[in-house]
Amino acid sequence: MDLPKLDSGVRNGKKKSKWIFFLRQLFYSSSVVSNFFMFGLYLGAPTVIIPQIRREANSTAAVTPEMASWISSISAYSAIPWAFILPLLAFRFGRKNVLFFISVNVLVGNIIFYCSKSVLELVISQVMQGALAASITTITIMVMSEYTSPEYRGVLLAVKSATFYWGVWTSNAIGTFYHWKNIGIVVFVCGIYNLSSICYRESPYWLATRGRFDECAKAHRWLKGTDLDSEDELRKLILSQKEHLDNKAKLNKADKLRKHIKIFNIIQCKSFYKPFVYSILPICLFHFSGKIAYTVYAIDIIKKITSSEDTAYEGMLIMDAVTVLGMYLGCGLAKFTRRRTQLLAFSCIGIGFLYILSSYLYLIKLNVLTENKYISLFLLMAFSISISGGPIILSACCSAELSPLRYRSYFLCCLSSFNSILLSSTVKFSPFIFKTFGLHGAFLFYAISASVFIILVYKYMPETKDQTIQEIQERITRGDPKDKGRVTETETVPLNTESTQ
């Protein structure tokens, strides 16, 4: 198949350094990274806002435990409808337009956040951030997987995840030393920067789904260059989409009923349900390790361990710092190690520390050992470093790489809604688990839960490092006759490798 010809500007670009294309991809990914940072700011904010409000009112009744759990979890719950809306908007209007819409939405919600004078107004501002929360597992995956080359994708995805905890740490640091409303100022600066997304070029993959192949080729070459690997990726993309458009044109009137029920056909395809199951395994491993719960309720947990509020604040900031350190360690390793190996190794180490911490606290409860708060904090931070270098950065990375080009809008709707429900429920019900089972029982509960998903990841999840999205999809669906021709109205069609030679 002949690709669209290179224009003079792009032809001269052959001589450009690979760093030019990396910097272009980095710039286009920066708004996504900024979204993660802002979401971290908002998720970490209740940790310091609630104690400040109670201290200012000189009463714990100012924010009841029930309301505290809602402030912490409501943004994830409100993300559920946006999990369906954003992928459909991105499919219809393109990636960059939806990124711009999210930036405007964040700025409006942040104005409410900064001007809040009551707990109810805080809840409303958190509800407004539902679109931001949903974008983390929808538009983020689209942009990071479509705008970046396989050689850079893993590192950029890992750095993006690390930036989320930079946001949490920044939020907690601001709330520890200053008034919590200063968090809104940082969000405002990031939101203004994200408005630059309106100047982005559209995603080559989205342009291909619209049949705009000349524009697709120009955008792809501008972002990724014209080396052999990039041109091969572009050729396969255009070929697969041309096949799709040809099949779509052949639909006759008898197929109209089939179009109306295509969602039922889609979910039966191996190219849909297998990547979906593989994608949710590392997400479940991350959430069921309890790391998010320990982050959101860090002050309460460390205060119970140390019996000191000042130590709780210091421990919270140190734990956030070592979490970021562990994530950057994982980011560096992600460039060299296989996804599965890194995910399993760091997860096993982290869960091992969780079992040790649970046993240690239980022995203290039985008066077998004398409590030493430094040992408890060391074990908790060792767990944080390990989980940071594995599940935290790789859950989003693997989900993005496993996200298929076929049925992408439907896939991301399901993935984002699943993640939102799991995140919100984990944050909402963790205080109940801590209260019912005690700290030692809660740590044991999360350790056992995470162990189950470690086994499932080891048994089922495929390797995705340094492969294009199409190559990953082909490996998953290879040899499945049910997927051939089942649904024709999709974003791409299976790649016929023989015809691409």
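Residues numbered from 1 in each chain as written. Predicted model: local features only at pLDDT ≥ 70, side-chain atom pairs only at ≥ 80, totals over all residues. Heavy atoms only, no water.

So, on to the pattern of salt bridges. Applying the stated criterion across every chain yields a total of 8 salt bridges. Across the salt bridge formed by Arg-221 and Glu-231, the nearest N and O atoms sit 3.0 Å from each other. Of this pair, Arg-221 sits in helix 11 (residues 213-224) while Glu-231 sits in helix 12 (residues 228-249), and the two are 10 residues apart along the sequence. Neither Arg-221 nor Glu-231 differs from the other in exposure class; each is buried. Arg-338 is the partner of Glu-463 in a salt bridge, and the nearest nitrogen-oxygen pair spans 3.8 Å. In this pair, Glu-463 is assigned in the loop between helix 21 (408-460) and helix 22 (469-477) and Arg-338 in the loop between helix 18 (309-334) and helix 19 (339-365), connecting sequence segments 125 residues apart. When salt bridges that share partners are traced, they join Asp-232, Arg-235 and Lys-236 into one network. (Salt bridge = Lys/Arg side-chain N within 4 Å of Asp/Glu carboxyl O. Helix = DSSP H or I, 4+ residues; strand = E, 2+ residues; numbered from the N terminus. Buried < 20%, exposed > 50% of the residue type's maximum accessible area, 1.4 Å probe, protein only.)

On to a nonpolar patch on the surface. A cluster of nonpolar side chains, contributed by Tyr-114, Ile-185, Phe-188, Val-189 and Ile-192, occupies part of the molecular surface with about 460 Å² of accessible area. Sort the elements by how many residues they give to the nonpolar patch and helix 9 (residues 182-194) lands first, with 4 residues. Along the chain, Ile-185 turns up in helix 9. On the accessibility criterion, Ile-185 (41% relative accessible area) is partly exposed. (Patch = residues over 30% accessible without salt bridge, like charges linked within 9 Å, V, L, I, M, F, W, Y side chains within 5 Å. Areas by Shrake-Rupley, 256 points an atom, 1.4 Å probe, with all protein chains shown as cover.)

So, on to helix 9. An α-helical turn contains 3.6 residues, so a residue and the one three or four places further along point in the same direction. The terminal C-alpha atoms of helix 9, which comprises 13 residues, lie 19 Å apart, in line with the 18 Å expected from a rise of 1.5 Å per residue. Among the residues of helix 9, those classed as buried are Ile-183, Gly-184, Val-187, Cys-190, Gly-191 and Asn-194. Along helix 9, the residues classed as buried sweep out an arc of 125° about the axis, all on the same side. (Expected span 1.5 Å × (residues − 1). Arc of directions from axis to C-beta.)

Core analysis: the biggest nonpolar cluster contains 128 residues, and Ile-139, Tyr-165, Ile-183, Ile-292, Phe-434 and Phe-443 have the highest contact counts within it. Top element by residues in this core is helix 21. It accounts for 17 residues. Setting aside chain neighbours within four positions, we find Ile-292 in contact with Leu-43, Phe-164, Tyr-165, Phe-286, His-287, Leu-423 and Val-427. Among the nonpolar cores identified, the runner-up in size contains 13 residues, and Trp-206, Phe-213, Leu-234 and Leu-405 belong to it. (Core = buried A, V, L, I, M, F, W, Y, C linked by side-chain atoms within 4.5 Å. Contact = heavy atoms within 4.5 Å.)

A separate point is the packing of helix 17 (residues 298-306) against helix 20 (residues 373-402). As a packed pair, helix 17 and helix 20 sit with axes 9 Å apart at the nearest point and diverge in direction by 150°. The pairing of helix 17 with helix 20 is recorded here as roughly antiparallel in orientation. Across the interface between the two elements, Ile-302, Ile-305 and Thr-306 from helix 17 touch Lys-373, Ser-376, Leu-377 and Leu-380 from helix 20. Residues of the contact of helix 17 with helix 20, tallied by class, amount to 4 nonpolar, 2 polar and 1 charged. (Axes fitted to C-alpha atoms, helices over the stretch in contact; angles between N-to-C directions. Parallel < 35°, antiparallel > 145°, perpendicular 65-115°, else oblique. Nonpolar A, V, L, I, M, F, W, Y, C, P; charged D, E, K, R; others polar.)

Glancing now at the side chain of Ser-384. With respect to the helices and strands, the residue Ser-384 is situated in helix 20. Its relative accessible area of 1% is what places Ser-384 among the buried residues. Within the structure, Ser-384 has its side chain in polar contact with the side chain of Lys-291 (distance 3.1 Å). Excluding anything up to four places from it in sequence, Ser-384 contacts Lys-291, Met-319, Val-322 and Thr-323. (Polar contact = N/O pair within 3.5 Å; in protein donor to acceptor, adjacent residues only side chain to side chain.)

A few words on the packing of helix 15 (residues 270-288) against helix 21. For the pair helix 15 and helix 21, the least separation of the axes is 5 Å and the interaxial angle reads 25°. Taken as axis vectors, helix 15 and helix 21 run roughly parallel relative to one another. At the point where helix 15 passes helix 21, the crossing takes the right-handed sense. For the contact of helix 15 with helix 21, a count of residues per class yields 25 nonpolar, 5 polar and no charged. (Left-handed = near helix turned anticlockwise from the far one by under 90°.)

This next bit is on the packing of aromatic side chains. Think of a pair of aromatic rings as described by two things: how far the centres are apart, and how the planes are tilted against each other in angle. For the structure shown, the criterion picks out 22 aromatic pairs. On the numbers, 5.4 Å between centres and 85° between planes, the contact of Tyr-42 with Phe-113 is edge-to-face. One end of the pair, Tyr-42, is in helix 2 (residues 18-57); the other, Phe-113, is in helix 4 (residues 95-114), and 71 residues separate them in sequence. Residue classification places Tyr-42 among the buried positions, given a relative accessible area of 2%. A relative accessible area of 1% means that Phe-113 is categorised as buried. With centroids separated by 6.0 Å and ring planes inclined at 85°, the aromatic side chains of Phe-276 and Phe-411 adopt a geometry described as edge-to-face. Of this pair, Phe-276 sits in helix 15 while Phe-411 sits in helix 21, and the two are 135 residues apart along the sequence. Here the basic side chain of Arg-92 rests over the ring of Phe-93, its NZ or CZ set 5.2 Å away from the ring centre. Positioned over the ring face of Phe-213 is Lys-242, at 5.3 Å from the centre of the ring. (Phe/Tyr/Trp six-rings, centres within 6.5 Å; stacked < 30°, edge-to-face > 60°. Lys NZ or Arg CZ within 6 Å of the ring centre and 35° of its normal.)

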